[in-house]
Amino acid sequence: MDASDYDDALALSEFAYRLKPTDPTINYFLGILYRGLRQDERSLAHFKTAYEQSPTDYWQTYFATLYAHGEAGNQRLAKQAKKVIETEYKRQPDKAEVLEAYQQMLVTEGQFAKALKVQDRIDRQEGKTPYNVLKRYRILLVEGKGKEAVQVVENYCKEEPDDDYFQAFRGDMYLALGQKEKAQQLYNQAYSNNPDNPYLLQSLARFYKSEHAYQEEREMLDALLSMAPDEQLLDLYFESLSQDTTVGNDEQVAFVQKAYLMEPNSAKWHYYWALALAQQDSIQPALEVLEEGVRLGGKEAVIRFSMHVLSGDLYLRLEQLDSCFNHYEKALLLDPENVYVLNNYAYTLAVNGGDLKKAEKMSQKTIEKEPNNATYLDTYAWILHLQGQDSLAKFYMRRAMEKAGEMSDDQELKQHYNILFEQDENKEK
């Protein structure tokens, strides 16, 4: 199973089962394997045997499986889940996992008073931990006892004034209740007492974002980034810059470079930094950054795609067509229907003496997807012209001019149109 050889694992487990059909461990493994095969009834039967033979070890898996089916609407299995957890609550009344699962079921059923009694038992065992305070708060809130829920948090904040998380959560709580002024007051008070509270900085960043106070949002994010570089924080900062209409391009570029240096193993920031360099006409440095970014790969297919597209475009500017086409090909492997790449690739291939049939097929895809796009119609018409199909080329060129709109003065479009139709004009003369 660790090697993902599930067929062999199943065969061996079935063989072991024939030798010892009541062994709880063997039944547990078979339950997992049949669950992976989506054979729910067989999976559940094996989990049940494992539980019956060794309830202390396997109650959790059996209950969780029954409970999941119950939540999906199977009332029979929901009743079985309830019976299992009630049995275990009697058998293991002090086991934390049992108490958690039992409480979750009670809340789901709307038995809030019982759920709070279970919480009392948990508190006696573990003490008033932040996690337990939050659970009590959420149960009361779901029950509709908002004032009591708030008081639970207020009491804890008085008892533990140095708990950084709850000082931030307290403001979040009032904000969620629609008391924005109260929330802001608490945020400011907590910030003046401890400006290095990371939870509070996150809360304030979210608050300022909701108020479109992007400069203040970035101040909070800056403080967090000074504590530790974080990919998500960098994303939020970049998003804030993008949404802030008062921010100039220079500030965005400076941040992108900072992010690129802070996260040297991030393909995403390689792409954005390369894009900034390309906009400054620093083509070769941009390509070097992209090459490193492509090597890193990255989790997001859209970033890998974007890096290949930008690399292709930059090699085109350098008139290095083999490299350009290589990157366009790799981009299309990631997104075969992308009209921008298909159009660029088709046109560049055609006008540079490449495979016209291949160019035509790619261009045809673009006009099928966007039949009113003048640029794509122009590309298709010109490729047809290069193949000597002028009658059909004229048909698509007329459509391109009809759909051109603001593009009607585009020099390349007008040039193609004039070349295709000048013979007809000469004949008329």
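Structure's up top.
Residues numbered from 1 in each chain as written. Predicted model: local features only at pLDDT ≥ 70, side-chain atom pairs only at ≥ 80, totals over all residues. Heavy atoms only, no water.

1. Some words on the overall build of the protein chain
- In terms of helices and strands, the protein chain carries 24 helices and 0 strands.
- Compactness check: the protein chain gives a C-alpha radius of gyration of 32 Å against a globular reference of 22 Å for 429 residues, more than 25% above the reference.
- Within the protein chain, the proportion of its 429 residues that are buried is 43%.
- Put simply, the protein chain shows about 23,800 Å² of open surface, and 47% of that area lies on carbon and sulfur atoms.
- Positive and negative side-chain charges in the protein chain, numbering 49 and 70 respectively, have mean positions lying 9 Å apart. (Helix = DSSP H or I, 4+ residues; strand = E, 2+ residues; numbered from the N terminus. Rg over C-alpha atoms; globule rule 2.2 N^0.38 Å. Buried < 20%, exposed > 50% of the residue type's maximum accessible area, 1.4 Å probe, protein only. Areas by Shrake-Rupley, 256 points an atom, 1.4 Å probe, with all protein chains shown as cover. Lys, Arg positive; Asp, Glu negative; His and termini not counted. Charge placed at Lys NZ, Arg CZ, Asp CG, Glu CD.)

2. As for the side chain of Lys-135
- One can find Lys-135 in helix 8 (residues 130-143).
- We classify Lys-135 as buried; its relative accessible area is 9%.
- What Lys-135 contacts, discounting residues up to four positions off in sequence, is Glu-100, Gln-103, Gln-119 and Ile-122. (Contact = heavy atoms within 4.5 Å.)

3. What about the packing of helix 6 (residues 96-108) against helix 7 (residues 112-126)?
- Between helix 6 and helix 7, the least distance of the axes is 8 Å, while the angle of their chain directions is 160°. Relative to helix 7, the element helix 6 lies roughly antiparallel. Relative to helix 7, the crossing made by helix 6 is left-handed. Taken together, the residues of helix 7 that come into contact with helix 6 (itself represented by Ala-96, Leu-99, Tyr-102, Gln-103, Leu-106 and Val-107) are Phe-112, Lys-114, Ala-115, Val-118, Gln-119, Arg-121, Ile-122, Gln-125 and Glu-126.
- Residue composition of the contact of helix 6 with helix 7, by class: 9 nonpolar, 3 polar and 3 charged. (Axes fitted to C-alpha atoms, helices over the stretch in contact; angles between N-to-C directions. Parallel < 35°, antiparallel > 145°, perpendicular 65-115°, else oblique. Left-handed = near helix turned anticlockwise from the far one by under 90°. Nonpolar A, V, L, I, M, F, W, Y, C, P; charged D, E, K, R; others polar.)

4. Section: the nonpolar core
- By size, the foremost hydrophobic cluster in this structure holds 100 residues, and its most contacted members are Phe-63, Ile-85, Phe-166, Phe-255, Trp-273 and Leu-314.
- No other element matches the 8 residues that helix 16 (residues 267-279) contributes to this core.
- Among all residues touching Phe-255, those that are not within four sequence positions of it are Leu-234, Tyr-237, Phe-238, Leu-241 and Trp-269.
- With 16 residues, the next largest nonpolar core counts Val-339, Ala-381, Ala-393 and Tyr-396 among its residues. (Core = buried A, V, L, I, M, F, W, Y, C linked by side-chain atoms within 4.5 Å.)

5. Topic: a nonpolar patch on the surface
- A cluster of nonpolar side chains, Met-1, Tyr-6 and Phe-29, forms an exposed patch at the surface whose accessible area comes to about 280 Å².
- Exposure remark for Tyr-6: the relative accessible area of 47% places this residue in the partly exposed category. (Patch = residues over 30% accessible without salt bridge, like charges linked within 9 Å, V, L, I, M, F, W, Y side chains within 5 Å. Salt bridge = Lys/Arg side-chain N within 4 Å of Asp/Glu carboxyl O.)

6. Structural notes on the side chain of Thr-348
- Secondary-structure assignment places Thr-348 in helix 20 (residues 339-351).
- A distance of 2.7 Å separates the side chain of Thr-348 from the backbone oxygen of Asn-344, its partner in a polar contact.
- Leave out the neighbours within four places in its chain, and Thr-348 touches Leu-316, Leu-321 and Phe-325. (Polar contact = N/O pair within 3.5 Å; in protein donor to acceptor, adjacent residues only side chain to side chain.)

7. Some points on helix 21 (residues 356-369)
- Here helix 21 spans 20 Å end to end across 14 residues, near enough to the 20 Å set by a 1.5 Å rise per residue.
- Looking only at helix 21, the buried set comprises Ala-359, Glu-360, Met-362, Ser-363, Thr-366 and Ile-367.
- Of the surrounding elements, those touching the buried residues of helix 21 are helix 19 (321-334), helix 20, helix 22 (374-386) and helix 23 (390-402).
- Where helix 21 starts, the residue carrying a side-chain oxygen 3.1 Å from the main-chain nitrogen of Lys-357 turns out to be Asp-355. (Expected span 1.5 Å × (residues − 1).)

8. Some remarks on the packing of helix 6 against helix 8
- Interhelical geometry of helix 6 versus helix 8 gives an angle of 15° and a closest axis separation of 12 Å. Accordingly, the angle class assigned to the pair helix 6 and helix 8 is roughly parallel. For the crossing formed where helix 6 meets helix 8, the hand is left-handed. Listed contacts from helix 8 to Glu-100, Gln-103 and Val-107 of helix 6 are Tyr-131, Lys-135 and Ile-139.
- Of the residues assigned to the contact of helix 6 with helix 8, the class counts are 3 nonpolar, 1 polar and 2 charged.

9. Description of the packing of aromatic side chains
- A complete count under the given rule lists 28 aromatic pairs for this structure.
- Seen in terms of ring centroids, Trp-269 and Tyr-272 are 5.4 Å apart; in terms of plane orientation they differ by 50°. Their pairing is tilted. Taken together, the residues Trp-269 and Tyr-272, both in helix 16 and 3 residues apart, mark about one turn of the helix.
- For Tyr-272, a relative accessible area of 24% puts it in the partly exposed group.
- Aromatic ring contacts, followed pair by pair, group Tyr-137, Tyr-156, Tyr-165, Phe-166, Phe-169 and Tyr-199 into a single cluster.
- Sitting over the face of the ring of Tyr-174, Lys-182 holds its NZ or CZ atom 5.4 Å from the ring centroid. (Phe/Tyr/Trp six-rings, centres within 6.5 Å; stacked < 30°, edge-to-face > 60°. Lys NZ or Arg CZ within 6 Å of the ring centre and 35° of its normal.)

10. Section: the environment of Ala-11
- Within the secondary structure layout, Ala-11 lies in helix 1 (residues 6-19).
- Taking relative accessible area as the criterion, Ala-11 reaches 48% and is therefore assigned partly exposed.
- In this structure the C-alpha to C-alpha distance between Ala-11 and Asn-132, which are 121 residues apart in sequence, comes to 45 Å.

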